[in-house]
Amino acid sequence: MDRRTFQVETEQQRERFAHFVERQIPPFQVELGPLRKQRTTSQNARWWLLMTRAAEVSGHSPRRSCMKCASVTTLVSWNAKLPTY
C-alpha cells in the first residue's frame, strides 16, 4: 500500500475517508493530527529565494541549505535586500 495523506475539512470528506479506511485490509497504520496549513505560492517563492540567498553565502545548493535550516542570521541579513511580494 502506498502512503496516503488525507486532509479532512468537511463532513463529506470525513465520510469518504471513513469509506476508504473500511475498504483497507489490515494490518495498516493511521496517524491523525491537526490540519497543517500550506504555504501560498508567493510564500513558497519567497522561501526558496531565501534558501537561494542562504546557499550563496554557505556554498551549498538551495535544497541543501533548506535541509540544513540555514542560520537565522544569514536569512535576516539577506531579508533586507529581498523584494516584497
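Procedures and definitions
Residues numbered from 1 in each chain as written. Predicted model: local features only at pLDDT ≥ 70, side-chain atom pairs only at ≥ 80, totals over all residues. Heavy atoms only, no water. pLDDT = per-residue confidence, 0-100. Helix = DSSP H or I, 4+ residues; strand = E, 2+ residues; numbered from the N terminus. Contact = heavy atoms within 4.5 Å. Expected span 1.5 Å × (residues − 1). Buried < 20%, exposed > 50% of the residue type's maximum accessible area, 1.4 Å probe, protein only. Arc of directions from axis to C-beta.

1. Some details on the confidence of the model for the protein
Parts of the prediction with low pLDDT should not have their coordinates interpreted in detail.
Then, number 1: When pLDDT is averaged along the protein, the result is 78, and 73% of the positions lie at 70 or above.
Then, number 2: Mean pLDDT values over the elements of the protein span from 49, in helix α4 (residues 72-79), up to 94, in helix α1 (residues 11-22).
Then, number 3: Confidence drops under pLDDT 50 across residues 70-74; counting only partners more than four residues distant or on other chains, this segment forms 5 contacts.

2. Some points on helix α2 (residues 41-58)
One turn of an α-helix holds 3.6 residues; hence residues three or four places apart share an orientation.
Then, number 1: Between the first and last C-alpha of α2 there are 25 Å, a value that for 18 residues agrees with the 26 Å anticipated at 1.5 Å per step.
Then, number 2: Turning to α2, its buried residues are L50, M51, A54 and A55. Down the axis of α2, the buried set is contained in an arc of 140°. They therefore lie on one face. Seen from the buried face of α2, the exposed residues on the opposite side, beyond 90 degrees, are T41 and E56.
Then, number 3: G59, located one to two residues past α2, shows a positive phi value of around 85°.

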